[in-house]
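This is what each chain is made of:
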Amino acid sequence: MKKEKVLELLKQMTLEEKIYQLVQLDGSLYSEKAAVTGPKAKLGMSDDVICNMGSIYNVFGAEKLKKIQDEHLKNNRNKIPLLVCADIIYGYQTVLPIPLAFGGAWNTKLVKEGIEMVAKEAAVTGIHGVFSPMVDLVRDPRWGRVMESTGEDSYLNSIYAKIEVEGFQGNLDNEHVASCVKHFAAYGAPEGGREYNTVDMSERQLRQEYLPAYKAAVDAGCKMVMTSFNTVDGIPASGNEWLMRKLLRDEWGFKGVTVSDYAAIKELVYHGIAEDDFMAAKLGIEAGVDFDMKTSVYSNNLKELVEKNEIDVKLIDEAVLRILNLKNDLGLFENPYRGASKSLENEVIGSEEHKKIALKLAEESIVLLKNDNSVLPLQKDKKIALIGPYADETSLVGLWAFFADKANIKTLKATMEDKIGENLLYSQGCDILSDLSMIEGFGFLSSKGLEKRDFEKDLEEALKVADDAEVIVLALGEHTLQSGEAGSRTELSLDKMQLKLLEELSKLNKPIVCVMFNGRPLVIDNILDKVDGLVEAWFPGTQGAVALANILFGEVNPSGKLTMSFPRNIGQIPVHYNEFKTGRPLIGSGHVGRFVSKYIDSSNEPRYEFGYGLSYTDFEYDEIKLSSTILKSNECIKASVLVKNVGQVKGKEVVQLYIQDVIGSVVRPVKELKGFEKIELEPNESKEVEFIISEKELKFFGKDMNFAAEKGEFKVFIGASSKNVKESSFKYLG
Ligand code: NOJ
């Protein structure tokens, strides 16, 4: 439809019709047969609202959505189709590894392919827009939603934000969907890691570290932005005019649609910045939040707000126009069903091609954390005891993949059996959780979690099985419901039954390889001395177990590297590689002994740092070569390093570039990631990896809040992790 037509449409809508366009409701409103039932009365929604509402979310299936759309259009005077959104984050039925895992692949091409696959599965089922990517910067593993993020670094998150938006949206044809970046802003920094808690930080830190990834998504053209639940400088995002209007729209030029997170406008009342729904609606619309997700706050109050001259009707017109424009950009006025197709659903969803993509990404996301005495890869002719609650488990997709095709997920037991048949011995060992109360009330549970097993019996059997084997592979981890939304924890250790199982098995003095399935960095110091090998599988997705077996038996060489630090203990949190310099650093301080920045009972260093991950081969780094030690504002210098595979097998390595601004007008981080390249080398092969450094890489928000580079010395680090680096330096002359 031409732009002018959209305006004409807006002009002839009644005020009520416009207001109802701003309503976005949960798809549970519809019965299986696509009739409107559900929580209408509970929400205080009249039929009028339902017939004119703008959007629904989390309803799936081409046939059902076509019926819903038909029914809607029949009752809608203006023939404005519904926008159908969904929480398809990292997979519909074919599920990728969780973002915290796929971030660790450091492979932008592969991640983009993965996201394109996700978009395609969403599109054929009739979804128009997805609430993804989640690009919140995360540094506190107590927070359950770290699993949805690509980690602790704003440069890396920004790169992923861009390619994910591009992957979802493509050219917005029927194989792609509109992308809604979330949660704007700084949702990843709740105090104490407690879900929905206050976020409070300086504007400098917000701009420097937390905002860049959202900005990258906006610059990549994402069509929607979702508010966060938290406060930003004392004002919840959904009523924060500075954030949602001044920054997002005026400063960044975002022209798309904003969506409140689930009931977040109503929550302005609970936050105590609105007296009632009436005032919450006012704050929301004034802040520029277009869709009211889940509630009747807009639909019940905006009309009265206009009539009482509390708000300018212009605010409603603007919001509606943005929504109509989005529907128009998606081609919904011409084809309200868009990509929805029963036959394509059958053909595309879960196809072999899609599984291959999920497999490749899983293989590159898995991180080898420890490999003493080359316990890995496993030898196929040895008897292996596979033990643990994740050994024969299909819940490998993490919390945000409700529609994963679980029936077709192979367990680790099955994939290892495929490789070695009878040489694999198996025993369950224990439940995932000893205390189910912490995951109560989520509405659904894995059936495994619900079984109360007899631990003593399990343990006895596990020990017997282990006795007959030469190597033990122990599959441990968190319950799916321990991470994800509302999955904050104060304890980050494995469950006590799992620890006991490991302890008893370790007494057999056999090599133990532990494979961990989890949605966050865990505190693992209490298991490290008992395991020879440690593999971080995360929640690796529908093909995760296939990927794991390939890695365990050395058919694939692990190449994932952490994008979030593993703390040694809870007290260290937040611990991240790019911390600021202090006046009393551990090394090089003017003070000695006690009076430097440290803990008296723990190292400052994380257990495993950002960028860390082992391989079955070894890589040697030469010294850094700089094309010049002087950089001028309109020039660039090249920083290169020769990397050699000095081991026995082919492998992939993530070569990482970090920079430190030695003197700044404000305190600067000890290191900041500014580039990376994933390379593959045959044994004995070398490659020169080159990075370009220009003024752009040196910019930051200085004393006057200008985003600029400051003259002076810069250190350059290149290496295999944020800690394991070579060093050089140059001067920036401006
Ligand atoms: C709340 C979550 O915070 C958000 O990520 C999600 O997209 C919405 N619910 C919709 O389900």
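By the naming in an unreviewed UniProt entry, the protein is Beta-glucosidase BglX, taken from Clostridium intestinale.

Thoughts on the pairing of strand 20 (residues 636-645)
For strand 17 (residues 619-621) and strand 20, the ladder comprises three bridges, and the chain directions are antiparallel. Pairing of Tyr621 across the sheet is with Val643, part of strand 20. Where strand 18 (residues 625-626) lies against strand 20, two bridges are found, and the strand directions are antiparallel. Across the sheet, Lys625 pairs through a bridge with Ser640, a residue of strand 20. Bridging between strand 20 and strand 23 (residues 686-694) involves nine bridges; their strand directions are antiparallel. Each residue of the ladder has a partner; that of Val641, found in strand 23, is Val689.

Quick word on empty space enclosed by the protein
One pass over the structure, following the stated rule, counts four cavities of 30 Å³ or more. Residue lining of the largest cavity: Ile659, Gln660, Asp661, Arg668, Glu672, Lys674, Glu697, Leu698, Lys699 and Phe714, and that is the complete set. Put simply, the parts of the chain that give the lining of the largest cavity at least two residues each are strand 21 (651-661) and strand 22 (672-681). No other element matches the three residues that strand 21 contributes to the lining of the largest cavity. Across the lining of the largest cavity, the residue classes tally to three nonpolar, one polar and six charged.

Focus on the packing of helix 20 (residues 455-467) against helix 21 (residues 496-506)
One can describe the packing of helix 20 onto helix 21 by two numbers: an axis separation of 10 Å at closest approach and a directional angle of 35°. Read as a crossing pair, helix 20 and helix 21 show a hand that is right-handed. Across the interface between the two elements, Phe455, Leu459, Ala462, Leu463 and Ala466 of helix 20 pack against Met497, Lys500, Leu501, Glu504 and Leu505 of helix 21. Tallied by class, residues from the contact of helix 20 with helix 21 come to eight nonpolar, no polar and two charged.

Description of the packing of aromatic side chains
Here the structure, examined in full by the defined rule, presents 23 aromatic pairs. Geometrically, the ring pair formed by Phe60 and Tyr92 is stacked, given 5.4 Å between the ring centres and 25° between the ring planes. Here Tyr92 lies in the loop between strand 3 (83-86) and helix 6 (99-102) and Phe60 lies in the loop between strand 2 (55-57) and helix 5 (62-75), a separation of 32 residues in the sequence. Aromatic ring contacts, followed pair by pair, group Trp106, Tyr577, Phe610, Tyr658 and Phe676 into a single cluster.

Some points on the site of the ligand
Close to the ligand lie 13 residues, the nearest being Asp87, Arg145, Lys182, His183 and Asp261. In this structure, Lys182 approaches the ligand through a side-chain N or O atom, which is 2.8 Å from an oxygen atom. Contact with the protein chains removes 95% of the 290 Å² of surface that the ligand exposes when unbound.

Some words on the nonpolar core
Grouped together as the largest cluster of nonpolar side chains are 220 residues, with contacts concentrated most on Phe184, Leu302, Leu378, Met416, Phe517, Ile524 and Leu552. For this core, the element with the highest residue contribution is helix 7 (residues 108-124), accounting for nine residues. When residues of this core are assigned to domains, at least three map to each of domain 1 (353-553) and domain 2 (617-732). When residues no more than four places from it in sequence are discounted, the contact partners of Leu378 are Ile384, Met416, Val471, Val473, Val513, Leu552 and Phe553. Counting 25 residues, the second-largest nonpolar core is a separate cluster that includes Ile624, Ile659, Val689 and Val716.

Basis of the calculations
Per chain, residues are indexed from 1 in the order of the written sequence. Selection of residues for local features in this predicted model requires a pLDDT of at least 70, selection of side-chain atom pairs for listing and counting requires 80 or more, and totals for whole chains, interfaces and linings are taken over all residues. As a convention, hydrogens and water are excluded, and side-chain values are obtained from all of the structure's heavy atoms. Being paired, for any two strands, means DSSP has found at least two bridges between them. Secondary structure elements follow DSSP: runs of H or I of four or more residues count as helices, runs of E of two or more count as strands, with numbering from the N terminus. Grid points spaced at 1 Å and placed over the protein atoms alone form the basis of the search, with a cavity being a set where a 1.4 Å probe fits but cannot get out and a pocket an open set showing protein on both sides within 12 Å along at least five of seven lines. Lining residues have an atom within 4 Å of a point. Grid points are joined across faces, edges and corners, and a volume is the space filled by probe spheres set on the points. Nonpolar residues are Ala, Val, Leu, Ile, Met, Phe, Trp, Tyr, Cys and Pro. Charged residues are Asp, Glu, Lys and Arg, and all others, Gly as well, are polar. A fitted line through C-alpha atoms represents every axis, and for helices the fit uses only the stretch in contact; the resulting angles, taken between N-to-C directions, go from 0 to 180 degrees. Left-handed describes a crossing whose near helix is turned anticlockwise from the far helix through less than a right angle; right-handed describes the clockwise counterpart. We call two residues contacting when some pair of their heavy atoms lies within 4.5 Å. Here a Phe, Tyr or Trp ring, Trp counted by its six-membered ring, pairs with any other such ring whose centre lies within 6.5 Å, and the pair is stacked when the planes are under 30 degrees apart, edge-to-face when over 60, and tilted otherwise. A single heavy atom is enough: if one lies within 4 Å of a molecule or strand, its residue is considered near that molecule or strand. Whenever a nitrogen or oxygen atom comes within 3.5 Å of another N or O atom, the pair is scored as a polar contact, on the condition that within protein one atom can donate a hydrogen and the other can accept it, and that pairs from neighbouring residues in sequence are kept only if both atoms are in side chains. To be clear on the numbers: accessible area is Shrake-Rupley with a 1.4 Å probe, and residue cover counts the displayed protein chains and nothing else. To qualify as a nonpolar core, a set must consist of buried Ala, Val, Leu, Ile, Met, Phe, Trp, Tyr and Cys residues joined through side-chain atoms within 4.5 Å. Each residue is placed in one exposure class: buried if its accessible area under a 1.4 Å probe, protein chains only, is under 20% of its type's maximum, exposed if it is over 50%, and partly exposed if it falls in between. These domain boundaries are the output of an automatic or database domain assignment.

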